[in-house]
Amino acid sequence: MTLCRPRALLFDWDNTLVDTWPAIHHALEATFRAMGQVPWTYEETQDRVRASARDTFPALFGDRADEATEVFYSTYEADHLEKLIERPGAGDSMRALAAQESLYLAVVSNKKGTLLRREADHLGWTGYFGRLVGALDAARDKPAPEAVLMALEGSNQVPGPDIWFVGDTDIDMLCAVNSGCIPVLVRPNPPVPGEFGGAEPHAFYPDCAALRRAVLGM
């Protein structure tokens, strides 16, 4: 598929722009133990964590979902800024892309919005984005389209073939399809046949630097 130059790039946050697996796994491990359950392995965390706590914790912890949510976030908040690491080339890429007057950048994440914005501030990246939308900010979280529409508010942009949704997981690609945007995969490993069902990425880049070069070269 031939892609047109995007007018907007909507980015996933965790493990697309920043590496947060260690912090997420540590908080989940503490949560499972507090709930009397066997924690996931690190690999299971990477395979299974996709949706927001609001959407997943009721199935995992039943009527103790609110208690589990409190444990998870209190554990995560204790040291998430110290554990925060940008993905290769992410900071330079956001800086270069944000300098393009014709390009709108935003973030759509399933991380709680307050934590998302705290991490962006910590990295000095807040000014690169028109909006940073996280879990609980919109009526529904990814992969529902409401968070995408919120991220585009005030930008004069509407979902279409020149709005790219950039992420590293199946839920990001599904969110792109659900909201009428172009799904773009950024991660070290290319997609494999059948991995994404009906939400196949229209483009793949191994890192943010490759994405930046492609966009600026259009």
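Here, the structure is the one placed above.
So, here's what we can say about the structure. (Residues numbered from 1 in each chain as written. Predicted model: local features only at pLDDT ≥ 70, side-chain atom pairs only at ≥ 80, totals over all residues. Heavy atoms only, no water.)

## Structural notes on the pattern of salt bridges
Side chains that differ in sign of charge can pair as their charged atoms come close. Rules: Every case where a carboxyl oxygen of Asp or Glu lies within 4 Å of a side-chain nitrogen of Lys or Arg is listed as a salt bridge. A helix here means a DSSP run of H or I that spans at least four residues, while a strand means a run of E at least two residues long, and both kinds are numbered starting from the N terminus. Exposure classes here rest on a 1.4 Å probe applied to the protein chains alone. A residue is buried below 20% of its type maximum, exposed above 50%, and partly exposed in between.
With the rule as written, the count across this model stands at 17 salt bridges. A salt bridge links Arg 7 to Asp 162, with the nearest nitrogen and oxygen atoms 2.4 Å apart. Here the residue Arg 7 occupies a position in the segment before strand 1 (8-11), and Asp 162 occupies one in the loop between helix 7 (146-152) and strand 6 (163-167), the gap between them amounting to 155 residues. What makes Arg 7 partly exposed here is its relative accessible area of 28%. One salt bridge in this structure joins Glu 153 and Arg 131, with 2.8 Å as the shortest N-O distance. Pair noted here: Glu 153 is in the loop between helix 7 and strand 6 and Arg 131 is in strand 5 (residues 131-135), with a separation of 22 residues, a long-range link. Take Glu 153: its relative accessible area is 47%, and that puts it in the partly exposed class.

## Quick look at the pairing of strand 5
The condition that has to hold: Any two strands between which DSSP finds at least two bridges are classified as paired. Handedness of a crossover: with both strands directed away from the viewer, a clockwise path from the first strand across the helix to the second marks it as right-handed.
Where burial is concerned, most of strand 5 is hidden: 4 out of the 5 residues are buried. The pairing of strand 4 (residues 104-112) with strand 5 spans 4 bridges and is classified as parallel. Bridging from a neighbouring strand, Val 107 pairs with Leu 132 of strand 5. The handedness of the strand 4 to strand 5 crossover, carried by helix 6 (residues 113-123), is right-handed.

## Concerning the packing of aromatic side chains
The criterion, for reference: Pairing of aromatic side chains requires ring centres within 6.5 Å, counting the rings of Phe and Tyr and the six-membered ring of Trp. Pairs whose planes differ by under 30 degrees are stacked, by over 60 edge-to-face, and all others tilted. Over a ring means this: the NZ of a Lys or the CZ of an Arg is within 6 Å of the ring centre and within 35 degrees of the ring normal.
Under the criterion given, the structure shown has 8 aromatic pairs. Between Phe 32 and Trp 40, the aromatic rings sit 5.0 Å apart at their centres with planes inclined by 50°, giving tilted as the arrangement. Note on Phe 32: relative accessible area 1%, which makes it buried. Residues Phe 72 and Tyr 73 carry aromatic rings whose centres are separated by 5.2 Å and whose planes lie at 80° to one another, so their mutual orientation is edge-to-face. The same class applies to Phe 72 and to Tyr 73, which are both buried. Taken together, Phe 32, Trp 40, Phe 57, Phe 61, Phe 72, Tyr 73 and Tyr 76 form an aromatic cluster joined through their ring pairs. The aromatic ring of Tyr 73 is capped on one face by Lys 112, whose charged end is 4.0 Å from the ring centroid.

## Some words on the nonpolar core
This is how it is decided: By nonpolar core is meant a set of buried Ala, Val, Leu, Ile, Met, Phe, Trp, Tyr and Cys residues that side-chain atoms within 4.5 Å join together. Residues are treated as being in contact if the distance between any of their heavy atoms lies within 4.5 Å.
Formed by 30 residues in total, the largest nonpolar core has its most connected members in Leu 9, Phe 11, Trp 13, Leu 17, Phe 129, Trp 164 and Leu 211. Elements supplying a minimum of two residues to this core: strand 1, helix 5 (90-98), strand 4, helix 6, strand 6, strand 7 (182-186), strand 8 (203-205) and helix 9 (208-216). Residues in contact with Leu 17, not counting those within four places in the same chain, are Phe 11, Asp 12, Glu 86, Arg 87, Ala 90, Met 94, Val 107, Trp 125, Phe 129 and Cys 208.

## Here's the deal with the packing of helix 1 (residues 21-34) against helix 4 (residues 65-83)
Heads up, the rule is: Each axis is a line fitted through C-alpha atoms, taken for helices only over the stretch in contact, and angles between the N-to-C directions span 0 to 180 degrees. An angle below 35 degrees is treated as roughly parallel, one above 145 as roughly antiparallel, one from 65 to 115 as roughly perpendicular, and anything else as oblique. Two helices that cross are described as forming a left-handed crossing if the nearer one is turned anticlockwise from the farther one by less than a right angle, and a right-handed crossing if clockwise. Note on residue classes: Ala, Val, Leu, Ile, Met, Phe, Trp, Tyr, Cys and Pro are nonpolar, Asp, Glu, Lys and Arg are charged, and everything else, Gly too, is polar.
For the pair helix 1 and helix 4, interaxial distance at closest approach is 8 Å and the crossing angle is 150°. Judged on the interaxial angle alone, helix 4 and helix 1 are roughly antiparallel. In the packing of helix 1 onto helix 4, the handedness of the crossing is right-handed. Here Pro 22, Ala 23, Ile 24, His 26, Ala 27, Leu 28, Ala 30, Thr 31 and Ala 34 of helix 1 lie close against helix 4, whose contacting residues are Ala 68, Val 71, Phe 72, Thr 75, Tyr 76, Asp 79 and Lys 83. Within the contact of helix 1 with helix 4, the residues separate by chemical class into 11 nonpolar, 3 polar and 2 charged.

## Some thoughts on helix 8 (residues 170-179)
Taken together, the buried positions of helix 8 are occupied by Ile 171, Asp 172, Met 173, Cys 175, Ala 176 and Ser 179. In this structure, the buried residues of helix 8 make contact with strand 4, helix 7, strand 6 and strand 7. Of the residues flanking the end of helix 8, it is Gly 180, one or two places downstream, whose phi is positive at about 80°.

## A few points about the sheet that holds strand 8
Pairing within the open sheet is parallel, and its 6 strands lie in the order 5-4-1-6-7-8. Two strands bound the open sheet, and with one partner strand each, they are strand 5 and strand 8. Looking at each pair of strands side by side, their axes are set apart by 25° on average, direction ignored. Sheet analysis places strand 6 next to strand 7, joined by 4 bridges and oriented parallel. Paired with Gly 167 across the strands is Leu 185, a residue of strand 7.

Remember that the coordinates give geometry; whether it matters functionally is a separate question.
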